[in-house]
Amino acid sequence: MELFLQQCVNALQWGSFYALIALGYTLVYGVLRLINFAHGDIFMVGAYIAFFVSTALLAPGLGLSREWTLALTIPLTMILTSLVGVTLERIAYRPLMRKGAHRLYVVVTALMCGLVLENGNLALLGASRKTLPQLLEKNVYDFGGIAVTNLKLWVIFAAALVFLVLHFVVTKTRIGMAMRAVSWDKFALPLMGIPLDSVIVFTFTLGSGVAGLGGMLFAMSYPVLEPYMGAMTGWKAFIAAVVGGIGDIRGAFVGGFLLAFVEIMVAAFLPSTFRDLFAFSILLLILWRRPTGIFGKPQTTKI
Amino acid sequence: MQRYALNILFPVAAVVLVVLAQVGWLDRYVLTVVTFIGINCIFAVSLNVVNGYMGEFSCGHGGFMCVGAYAGSLLSVAFFTDSRLFGASLFPPESAPFLFPLVLVGASLAAALFGLIVALPSFNTRDDYLAIITIAANYIIISVVENIDAIGGPRGFSGMKRAVNAMSDVAELPWMLIWTIVGLFVCVATIRRLMTSTYGKGISAVSQNEVAAEMMGINTNRVKIMAFMVSSGLAGLSGALYAHVYGYVNAQSFNILRSTEGLVMVYLGGMGSTSGVLMAAVAFTLLVELLRFVIPWLNDLLHAASLLPASYELSQIWKWVFIPLLLILLMQFRPEGLLGNRELTQVFPRLKRWITFR
Amino acid sequence: MTPLLEIDDLTQRFGGLQALSNFSFFMEDRELVGLIGPNGAGKTTVFNVVSGFYDPTEGDIRFGGKRINGMKPHQVTALGMARTFQNIRLWNDMSVLDNIRLARYAWLGYGFLGATLRTKRYRQAEKAIEKKAREVLEIMDLTDAAEELPKNLPYGLQRRIELARALAGNPRLLLLDEPAAGLNSADVEGLIRQIRWVYDEFKISIWMIEHQMKVVMSLCQRLTVVDFGRVIAEGTPEEIRNNPAVIKAYLGDDTL
């Protein structure tokens, strides 16, 4: 029982990472109907940005304390990662969409942008792995035999906070409602007086910023960075988003936690090599029974 | 008669290649590259059936190649060699040159069976969800293979070299080159014949307007199953050839990166154009090999010109930056690919006098 | 004689929306019948259910005495029903000839092996399909367009190709979903002549949805009027024209 609860806490942490990445997929998909396959690599870029920013801030020249570094690294990482995401949209996706290219071409472009990011990173920085400096004094709390580090709590808290903020943005702010309007009907948008491009840029900013935060938290939890860390995690987060029902914020979270739960439990009670097998099979099963995901609305074909 | 130039040209080119390899004018490296071009052609052209003609977005094609590679390897090890796994050989090793097609057919059928499983959920879902299903299938296949210890698990599987050697013992020929050429020929002929028949045009009908297809008497589910099975079966063929050329297989050679390479070739060539994808597969394989030499040369050049810091070496990884960049640029400026949905003869109508490609 | 098409108490629900309620209808062989009603009344839904695209929530549909609810569209097509669409649905990136050829798909007579091995059966089947397709093109005066892509052809011609494609399946019953939509008045005259000619020439039964009263009034022997998913009137065009319930449903619509 304790083992189970312990694994539940781990699953919550692991699911937070998935959820933070899945959000980006879901937001962009909701607005553009585009699978941004580069998004997993944006997460990786976020982790590297966190590494460079925190290393620079801790360097003797500035010599900030760890607390200040942490406090500054979070917003800086989010802003810089957003910039990367928005840049991708500007130089790679937008010209294509402007030309009215087939959706598949944009998807392929996204896939290729991801490859450029991860391999470009490997080519530029080399194979030596970077280690994020420790920014948070590690404390272990004991809840009746379940060990929880303060970092884990922060990760889970951050994911929950992001969910609440995003939920507020999407349901209460004008631009958030515009985002939802676009996902319903692109032509309804001018009625709200917000240009489509602003909505798209805002969406990419949000998605990439959240992925950047996820990357940083991931790097704090598992400090060794490598260029391909975003690829596998990204694919899985995408699957989580789809299982949750792509285009729905709640779906990203539920899907992320569900996937993490399955993975952690399989790894805990079965040989860990079965992890991917089970995770993917269960997800396929869910999709088979509910092709539009948990929160997805079924689409009917009109004749 | 002129119209069949391609039908004559292809066998002639094949014979010339085999003869050159036989007399030893092609060194081992060139031979491997040529064989690998053939395998890539089969892989890309087969992916094109689903991603091009049917307009779906399958991105786990490597998984089917994996099934074919393992099925083919197991079959030929069981058939022609004494192994710990299967005991004594099922057939005398001398029969290898004659029974090898059986191995290829078996591998294709095994992969087609997996294609069937992936096709089932594709009935109700399109593009985005199908992408997921195929990615997941790719991961599942690799994970299953890695979890079966009897076939080597994550260590991979070998022993096919002995089967190939058994063929060489009968006659000293570049066997794998020959089988690759045969495989490519069968693959292209199958797709060409399929796509020019009314039966196969059902695939295009589903792609262009699925509702109309359904309402005009086409069993769309069966068409999808057929397209997936043809596509995955031929990918299995490429996998079986790959396994025998290298004499060793590892599930990780068929991961999502392999699938991505397939996507690159298909979209480079223009979806829905077999000749375009063939050209793209040749160009892509050559480009990858070319970059192997160009990158060190560029490295030396840049160092000589002091444009690179001495501590930095241009590595082969750059290959995987250049190729995606190339495709990104292509998507921006010529998104329809090299030939863009059209066959060679439609782009250059004068060729029609010489070849019939459609 | 069993009627050609019988629909009993058909009800169709989508989630909470009741698109059709207790819709009943019958038609004899060789009739030319119209289905009219205001926008959103459920006309196309009737066609979609009859042709097998939706499974009916309740009710029975019999075609030539055979129960067809629950059948897939391609099975219904194989029984001899064909249709056209309100918004043209052609396969735009293949030739007109191929479009017509594909209408023979339900009676192909060969499979994957036939196609790839080019068996005798395949050659015979393709020959017959080619012959039939050329015939239909000839009859419908489309021979010149055979090698064109539909998307490059004018709208009126596309409509005719769709009709030709439906006829290539040798249907007993032809469903026409707003054949006059998007045509100008001169074209409409031509269309009326064409439908009458098709009706006489192919000796088939036709059930059509149409908004333009001129078309249904001059063509149909009998009309059914639906509103809010239920039948509100039935009768000859003359009876319908004077039916108070119909006039009420169309109130403000001066096309009647």
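**Here we look at the overall build of chain A**
Summing up its helical and strand segments, chain A has 10 helices and 4 strands in all. Going residue by residue from the N terminus, the α and β elements of chain A occur as α-α-α-α-β-β-β-α-α-α-β-α-α-α. Its C-alpha radius of gyration of 19 Å places chain A within 12% of the 19 Å reference for a compact globule of 303 residues. Here the C-alpha coordinates of chain A stretch approximately 60 × 50 × 40 Å along the principal axes. For chain A, buried positions account for 48% of its 303 residues. Taking the contacts inside chain A whose residues are at least 6 apart along the sequence as the reference set, 76% of them involve residues at least 24 apart.

**Digging into the overall build of chain B**
Assigned secondary structure in chain B consists of 14 helices and 2 strands. Out of the 358 residues in chain B, the part that is buried amounts to 53%. Contacts in chain B between residues at least 24 apart in sequence constitute 80% of all its contacts with a sequence separation of at least 6.

**Considerations on the nonpolar core**
Ala47 of chain A together with Ala136 of chain B are the most contacted members of the largest nonpolar core, which totals 283 residues. The biggest single contributor to this core is helix H1 (residues 2-32) of chain A, with 16 residues. Here this core gathers at least three residues from each of two domains, domain 1 (1-80 + 171-256) and domain 2 (91-170) of chain C. Those residues in contact with alanine 47 of chain A that sit more than four places away from it in its chain are Gly215, Met216, Phe218, Ala219, Leu225 and Met229 of chain A.

**A closer look at the interface of chain B and chain A**
Taken together, the contact pairs 34 residues of chain B with 36 residues of chain A. Within the residue set of the side of chain B that touches chain A, elements represented by two or more residues are helix H5 (127-147), helix H11 (256-269) and helix H13 (319-333) of chain B. It is H5 of chain B that provides the largest number of residues to the side of chain B that touches chain A, a total of 13 residues. The residue makeup of the side of chain B that touches chain A, split by class, is 25 nonpolar, 7 polar and 2 charged.

**Things to note about the pairing of strand S2 (residues 17-27) of chain C**
Residue and element names in this part refer to chain C. Direction of pairing for strand S1 (residues 5-14) relative to S2: antiparallel, over a ladder of 7 bridges. For phenylalanine 14, the partnering residue across the bridge sits in S2 and is leucine 17. Here S1 folds back onto S2 in antiparallel fashion, the turn holding 2 residues, of which glycine 15 has a positive phi close to 60 degrees.

**Quick word on the sheet that holds strand S6 (residues 81-83) of chain C**
Whenever strands of a sheet pair, they do so through backbone hydrogen bonds, lying parallel or antiparallel. Residue and element names in this part refer to chain C. Taken together, the 6 strands give an open sheet; going across it, the order is S6-S7-S8-S3-S9-S10, and neighbouring strands pair in mixed fashion. Looking at which strands have only one partner, the edges of the open sheet turn out to be S6 and strand S10 (230-235). Direction aside, neighbouring strands of the sheet carry axes that sit 20 degrees apart on average. In this sheet, strand S8 (residues 205-209) lies alongside strand S7 (residues 173-177) in parallel orientation, the contact comprising 5 bridges. Pairing of leucine 176 across the sheet is with methionine 208, part of S8. Along the sheet, helix H1 (residues 43-50) contacts strand S3 (32-36), S6, S7, S8 and strand S9 (222-227); its crossing angle with S7, the most-contacted strand, is approximately 145 degrees.

**Let's talk about the sheet that holds strand S5 (residues 66-67) of chain C**
Residues and elements named next belong to chain C. If you walk across this open sheet you meet the 4 strands as S2-S1-S4-S5, and the pairing is antiparallel. Bordering the open sheet on either side are S2 and S5, each of which pairs with just one other strand. Pairing of S1 with strand S4 (residues 58-63) involves 5 bridges; the strand directions are antiparallel. Opposite glutamate 6, over in S4, you have arginine 62 as the bridge partner.

**Section: helix H12 (residues 274-304) of chain B**
Residues and elements named next belong to chain B. For H12, which comprises 31 residues, the first-to-last C-alpha distance of 44 Å matches the rise-based estimate of 45 Å (1.5 Å per residue) to within 8%. Roughly 30 degrees is the biggest bend found in H12, and it falls at leucine 291. Trailing H12 by a residue or two, serine 306 shows a phi angle of about 55 degrees, which is positive.

**Structural notes on the interface of chain C and chain B**
Taken together, the 31 residues of chain C in the interface contact 22 residues of chain B. Contributing elements (two or more residues each) for the side of chain C that touches chain B: helix H2 (73-78), helix H3 (96-102), helix H4 (112-117) and helix H5 (120-139) of chain C. The element best represented in the side of chain C that touches chain B is H2 of chain C, accounting for 4 residues. Class assignment for the residues of the side of chain C that touches chain B results in 15 nonpolar, 7 polar and 9 charged.

**Things to note about the confidence of the model for chain B**
Segments scoring low in pLDDT should not have their predicted coordinates read at a detailed level. Within chain B, residue pLDDT values average 87, and 90% of them lie at 70 or more. At the level of chain-chain contacts, confidence expressed as ipTM amounts to 0.90, with global pTM at 0.87.

**Remarks on the packing of helix H9 (residues 249-269) of chain A against helix H10 (residues 275-289) of chain A**
Residue and element names in this part refer to chain A. In contact at an axis separation of 9 Å, H9 and H10 are set at 145 degrees when each is read in the N-to-C sense. As for how H9 packs across H10, the hand of that crossing is right-handed. Here H9 contributes Leu259, Val262, Glu263, Val266 and Ala267 to the contact with H10, which in turn contributes Arg275, Phe278, Ala279, Ile282 and Leu283. Its residues placed into classes, the contact of H9 with H10 shows 8 nonpolar, no polar and 2 charged.

**Topic: helix H10 (residues 220-246) of chain B**
Residues and elements named next belong to chain B. In a regular helix each residue adds 1.5 Å, so 27 residues correspond to 39 Å; H10 covers 39 Å between its end C-alpha atoms and thus fits that length. Where burial is concerned, most of H10 is hidden: 23 out of the 27 residues are buried. Looking one or two places after H10, you find glycine 247, whose phi comes out positive at around 75 degrees.

**Notes on the packing of H1 of chain A against helix H7 (residues 196-221) of chain A**
All names here are of chain A. Where H1 contacts H7, the two axes come as close as 8 Å, and the packing angle between them is 170 degrees. As far as their axial angle goes, H7 and H1 are roughly antiparallel. Note on element contacts: H7 touches H1 through Val199, Ile200, Thr203, Phe204, Leu206, Gly207, Ser208, Val210, Ala211, Leu213, Gly214 and Phe218, opposite Phe17, Leu20, Ile21, Leu23, Gly24, Leu27, Val28, Val31 and Leu32. Of the residues assigned to the contact of H1 with H7, the class counts are 16 nonpolar, 5 polar and no charged.

**Structural notes on the environment of glutamine 18 of chain C**
All names here are of chain C. Looking at the element boundaries, glutamine 18 is found in strand S2. Look at glutamine 18 and you get partly exposed, because 15 C-beta atoms sit within 10 Å. The spacing of glutamine 18 and alanine 164 is 146 residues in sequence and 34 Å in space, taken between C-alpha atoms. The contacts of glutamine 18, once residues within four sequence positions are left out, are Arg13 and Gly229.

**Concerning the environment of phenylalanine 37 of chain A**
Residue and element names in this part refer to chain A. Looking at the secondary structure, you find phenylalanine 37 in the loop between H1 and helix H2 (39-58). Spatially, the C-alpha atoms of phenylalanine 37 and glutamine 13 are 23 Å apart, while their sequence positions differ by 24 residues. With near-sequence residues (within four places) excluded, phenylalanine 37 lies in contact with Val107, Ala110, Leu111 and Gly114.

**With respect to unusual backbone geometry**
Not every positive phi belongs to a glycine, and arginine 33 of chain A is a case in point at roughly 55 degrees. When you line up the elements, arginine 33 of chain A lands in the loop between H1 and H2. Residue class for arginine 33 of chain A comes out partly exposed when judged on the 16 C-beta atoms lying within 10 Å of it. A positive phi angle, close to 45 degrees, is found at phenylalanine 228 of chain C, a residue other than glycine.

**Focus on the pairing of S8 of chain C**
All names here are of chain C. In terms of burial, S8 is a largely internal element, 5 of the 5 residues being buried. Residue alternation in S8 divides its side chains into two sets, Ser205, Trp207 and Ile209 and Ile206 and Met208, and both sets are buried. With 4 bridges joining them, S3 and S8 adopt parallel strand pairing. When the bridges of S8 are listed, leucine 32 appears paired with isoleucine 206. For the crossover from S7 across helix H7 (residues 185-202) to S8, the handedness is right-handed.

Rules behind the numbers
Residues numbered from 1 in each chain as written. Chains lettered and ligands numbered in written order. Predicted model: local features only at pLDDT ≥ 70, side-chain atom pairs only at ≥ 80, totals over all residues. Helix = DSSP H or I, 4+ residues; strand = E, 2+ residues; numbered from the N terminus. Rg over C-alpha atoms; globule rule 2.2 N^0.38 Å. Buried ≥ 20, exposed ≤ 12 C-beta atoms within 10 Å, placed from the backbone. Contact = placed C-beta atoms within 7 Å. Core = buried A, V, L, I, M, F, W, Y, C linked by C-beta atoms within 7 Å. Domains from an automatic or database assignment. Nonpolar A, V, L, I, M, F, W, Y, C, P; charged D, E, K, R; others polar. Pairing = 2+ DSSP bridges. Axes fitted to C-alpha atoms, helices over the stretch in contact; angles between N-to-C directions. Expected span 1.5 Å × (residues − 1). Bend = angle between axes of the 7 residues up to and from the residue. pLDDT = per-residue confidence, 0-100. Left-handed = near helix turned anticlockwise from the far one by under 90°. Parallel < 35°, antiparallel > 145°, perpendicular 65-115°, else oblique. Right-handed = clockwise from strand over helix to strand, strands pointing away.

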